[in-house]
Amino acid sequence: MNEFVKNLTAKKKIFLRKLIIFYFFYVLLEGALRKWVLPNLATEIILVRDFLVIFIIMQGFTNKLYNFNSYLEKSALIWTVLVLFWIVLQHAFIDIPAGVSFIGFRCWVLYIWFSVLIFRIFNNFNEMNQFIDKIIYSLIPISLLVLVQHYLPPEHL
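A short tour of the structure in this document, coming up. (Residues numbered from 1 in each chain as written. Predicted model: local features only at pLDDT ≥ 70, side-chain atom pairs only at ≥ 80, totals over all residues. Heavy atoms only, no water.)

### Side note on the overall build of the protein chain
Counting secondary structure elements, the protein chain contains five helices and zero strands. Here the C-alpha radius of gyration of the protein chain, 19 Å, is well above what a compact globule of 157 residues would show, namely 15 Å. Its C-alpha atoms give the protein chain principal-axis dimensions of roughly 60 × 50 × 20 Å. Relative to its 157 residues, the protein chain shows a buried fraction of 27%. Residue pairs at least 24 apart in sequence account for 75% of intrachain contacts in the protein chain once pairs closer than 6 positions are excluded. When the accessible area of the protein chain is evaluated, it comes to approximately 11,100 Å², of which 72% is carbon and sulfur surface. In the protein chain, 14 side chains carry a positive charge and 9 a negative one; their mean positions are 10 Å apart. (Helix = DSSP H or I, 4+ residues; strand = E, 2+ residues; numbered from the N terminus. Rg over C-alpha atoms; globule rule 2.2 N^0.38 Å. Buried < 20%, exposed > 50% of the residue type's maximum accessible area, 1.4 Å probe, protein only. Contact = heavy atoms within 4.5 Å. Areas by Shrake-Rupley, 256 points an atom, 1.4 Å probe, with all protein chains shown as cover. Lys, Arg positive; Asp, Glu negative; His and termini not counted. Charge placed at Lys NZ, Arg CZ, Asp CG, Glu CD.)

### Some remarks on helix H4 (residues 98-121)
Between its first and last C-alpha atoms H4 spans 32 Å; for 24 residues at 1.5 Å apiece the expected length is 34 Å, and the two agree. Along H4, the helix axis deviates most sharply at Arg-106, where the bend reaches about 40°. Along H4, the residues classified as buried are Ser-101, Arg-106, Val-109, Leu-110, Tyr-111, Trp-113, Phe-114, Val-116, Leu-117, Ile-118, Arg-120 and Ile-121. (Expected span 1.5 Å × (residues − 1). Bend = angle between axes of the 7 residues up to and from the residue.)

### Remarks on the environment of Arg-17
Along the chain, the position of Arg-17 falls in helix H1 (residues 2-37). Take Arg-17: its relative accessible area is 12%, and that puts it in the buried class. As for Arg-17 and Val-109, which are separated by 92 residues in sequence, their C-alpha atoms are 21 Å apart.

### Here's the deal with unusual backbone geometry
Its identity is not glycine, yet Lys-64 carries a phi of approximately 55°, on the positive side. Lys-64 sits in the exposed class, given a relative accessible area of 71%.

### Looking at helix H3 (residues 71-93)
Its 23 residues give H3 an end-to-end C-alpha distance of 33 Å, which sits within 8% of 33 Å, the value for a rise of 1.5 Å per residue. Those residues of H3 lying buried are Glu-73, Ala-76, Thr-80, Val-83 and Ile-87. Looking at the buried positions of H3, the neighbouring elements they touch are H4. Its side-chain oxygen at 3.2 Å from the backbone nitrogen of Leu-72, Ser-70 defines the N-terminal cap of H3. (Polar contact = N/O pair within 3.5 Å; in protein donor to acceptor, adjacent residues only side chain to side chain.)

### Quick word on the pattern of salt bridges
If you walk through the whole model with that rule in mind, you get five salt bridges. Residues Glu-30 and Arg-49 are paired through a salt bridge, measuring 3.1 Å at the closest nitrogen-oxygen approach. Here the residue Glu-30 occupies a position in helix H1, and Arg-49 occupies one in helix H2 (residues 42-62), the gap between them amounting to 19 residues. For Glu-30, a relative accessible area of 3% gives the class buried. (Salt bridge = Lys/Arg side-chain N within 4 Å of Asp/Glu carboxyl O.)

Written out as structure tokens, the structure is:
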């Protein structure tokens, strides 16, 4: 039975690894998507990205991939509580829009949990090196595109 649970967890980790790689390439192509394909849907494209991260984090929680006996998760949990407390204080004493709070929570908390999950699902350095290789190989065409676009006028397609 224990072997079955290990295989099931391994399959869930593989699924999440694929989702994270998909997320990475979505982020890479997001700028081009917003500029060339769907310029009127910039906010929606960003929301899809954020909901994808939330989905991945929720998968990590539901599949019990986080280790709450570790200082890493304990620190992330304490940080989350502190940020939520700060958001509540700001709403109580300063009139800030809810969107600002969402953006702050996204930047200060959401991507910390996402990073911890990436750390948890890549079992060894070999798997992490494969992911880093994909990042490095994608930087070559992107850097060429950035260089070309830098010298073009902003309104150029």
